Amino acid sequence: MKVNERVKGLIGSSTLAITAKAKELASRGKDVVNFGAGEPDFDTPDVIKKAAIEAIQKGFTKYTPSIGILQLREAIAFKFQKDNQLQYKPSQIAVSCGAKHSLYDIIQVLADEGDEVIIPAPYWVSYPEMVKLAGATSKILATSAEANFKITAKQLAQNISSKTRVLILNSPSNPTGMVYSKSELEAIAAICVKHKIYVISDEIYEKLIYDTKAYPSIAALGKDIFDLTVTVNGVSKAYSMTGWRIGYCGASQEIIDYINKFQDHTTSNPTSISQMAALAALQMPDASINAMRDEFKVRRDLMMSCLNKIPEIFYVPPQGAFYIFCNIAKLGEKSAVSIAEKILNDVNVAVIPGDGFGANNYIRLSFATSTERIQEGIKRIGEWVKKLSKQSVLET
Ligand code: PMP
Ligand code: GLU
């Protein structure tokens, strides 16, 4: 079959594939512990559901402007100002069908054939695929656990060429949970300003940080970097609304105008009902989502203390998001894909192999599940590792 070359080159999403497989096994009655989940397991809060039901009952069920209703864009502009010290006007906001959709739009607008997009690794699985779809090339910058999986300004500067157009930053990071400090971002911003490189700042895990209160948005670090940055966020992770599909971004008027045209001809508006739900979410007091964050912290600490009993597995404690990125090099297997497959088949625990994140000696464990399941799942992995170590001792 003849297909579009860019689509032909796409790699499927490992995060979605493993999550689907784990759900399928569970539906067939298997006692699967799912550490694959890239979504909070909490229910969407009632006030949000009520707003959606009300929207349906009031007949708010028609097309809206492609980049969202003004009321929601005003609430987002207010949120950016309050939480991130970013002064976007409502006209500088585009609402979409999820942060994934916003990211896709932005990459289509900013990256062209022959352009390079810098992506620090480990990265979220979808970035390089979106860059491929725009016909541009990803320039992957490797990081190390010793450097807390963060790039430095120096490393960035060394990798800039005449083709570099965009840097994608994700803090807090999926999959590593790392958070860039203000001074680290200042140094990176200075390089981007110097070379006029756009920054796509994916801040979807913003509300889920654990050990520090200071969460800086790179666009807040000065007028020049503000003009070059597109700040991406959404309601999926902060309000447990992954299925509602609402994301958004703030950017210069010029960029938003292009996104507007792009959405006009691709998706039209995000669901009217979900827009009303997102509006209710953004109007909720912070205290109501802090409880979710506190629970995630308890789970993170528990997962770390359980993992500490498996000396073959190493990790850098995550400061944000809900994943622990585990180094499995000591397990002596050829690939993370085969380890993840074996862990799922042998002990019914779903984990995501690091390959899709650009880190093949790693597996990603999500702690978006109950404390009881965390204990059970890590216990199973621990026993599996013990067996594996015994086998390899016997084989050698
Ligand atoms: N960015 C990152 C880093 C993510 O982990 C996700 C989760 N899917 C997204 C963006 C997209 O989120 P959504 O489309 O659900 O808003
Ligand atoms: N972002 C989540 C994850 O990394 C959800 C799945 C996806 O959209 O890729 O698992």
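What comes next concerns the included structure. Not measured: the values here are computed from a predicted model.

From N to C terminus, the protein includes 14 helices and 13 strands. The principal-axis extents of the C-alpha atoms in the protein amount to approximately 65 × 55 × 50 Å. Residue burial in the protein is summarised as follows: out of 396 residues, 55% are buried. For the protein, restricting intrachain contacts to residue pairs at least 6 apart in sequence, the fraction spanning at least 24 positions comes to 75%. Surface exposure of the protein reaches about 17,600 Å², of which carbon and sulfur atoms provide 53%. Taken together, the 46 basic and 41 acidic charged side chains of the protein have centroids lying 1 Å from each other.

Turning next to the site of ligand 1. Contacts to ligand 1 come from 14 residues, most closely from Ala-99, Asp-202, Tyr-205, Ser-236 and Lys-237. In this structure, Asn-174 approaches ligand 1 through a side-chain N or O atom, which is 2.7 Å from an oxygen atom. A distance of 2.7 Å separates an oxygen atom of ligand 1 from a polar atom in the side chain of Arg-245. In the complex, the protein chains occlude 93% of the 390 Å² of accessible area that ligand 1 would expose alone. Of all the elements, helix H5 (residues 99–110) adds the most residues to the shell around ligand 1, at 3 residues.

In this section: the nonpolar core. One finds Phe-35, Leu-307, Leu-365 and Ile-381 to be the most contacted residues of the largest nonpolar core, which totals 83 residues. Within the second largest apolar cluster, 30 residues are counted, among which are Ile-48, Phe-80, Val-95 and Leu-279.

Now for helix H6 (residues 126–133). Of all 8 residues that make up H6, 6 are buried, and the element is covered over most of its length. Of the positions making up H6, those classed as buried are Ser-126, Tyr-127, Pro-128, Glu-129, Met-130 and Val-131. At its buried positions, H6 is contacted by H5, strand S3 (116–121), strand S4 (137–142), strand S5 (164–170) and strand S6 (198–202). After H6 finishes, the residue Gly-135 shows a positive phi value of roughly 80 degrees.

This next bit is on the sheet that holds strand S12 (residues 352–353). Sheet architecture is open: 4 strands sit in the order S9-S10-S13-S12, paired in antiparallel fashion. The sheet is open, and its two borders are formed by strand S9 (314–315) and S12, each paired with just one other strand. Across the face of the sheet, helix H13 (residues 336–347) comes into contact with S12 and strand S13 (362–366) while running at roughly 45 degrees to S13.

How each quantity is defined
Residues numbered from 1 in each chain as written. Chains lettered and ligands numbered in written order. Predicted model: local features only at pLDDT ≥ 70, side-chain atom pairs only at ≥ 80, totals over all residues. Heavy atoms only, no water. Helix = DSSP H or I, 4+ residues; strand = E, 2+ residues; numbered from the N terminus. Buried < 20%, exposed > 50% of the residue type's maximum accessible area, 1.4 Å probe, protein only. Contact = heavy atoms within 4.5 Å. Areas by Shrake-Rupley, 256 points an atom, 1.4 Å probe, with all protein chains shown as cover. Lys, Arg positive; Asp, Glu negative; His and termini not counted. Charge placed at Lys NZ, Arg CZ, Asp CG, Glu CD. Near = heavy atom within 4 Å. Polar contact = N/O pair within 3.5 Å; in protein donor to acceptor, adjacent residues only side chain to side chain. Core = buried A, V, L, I, M, F, W, Y, C linked by side-chain atoms within 4.5 Å. Pairing = 2+ DSSP bridges. Axes fitted to C-alpha atoms, helices over the stretch in contact; angles between N-to-C directions.

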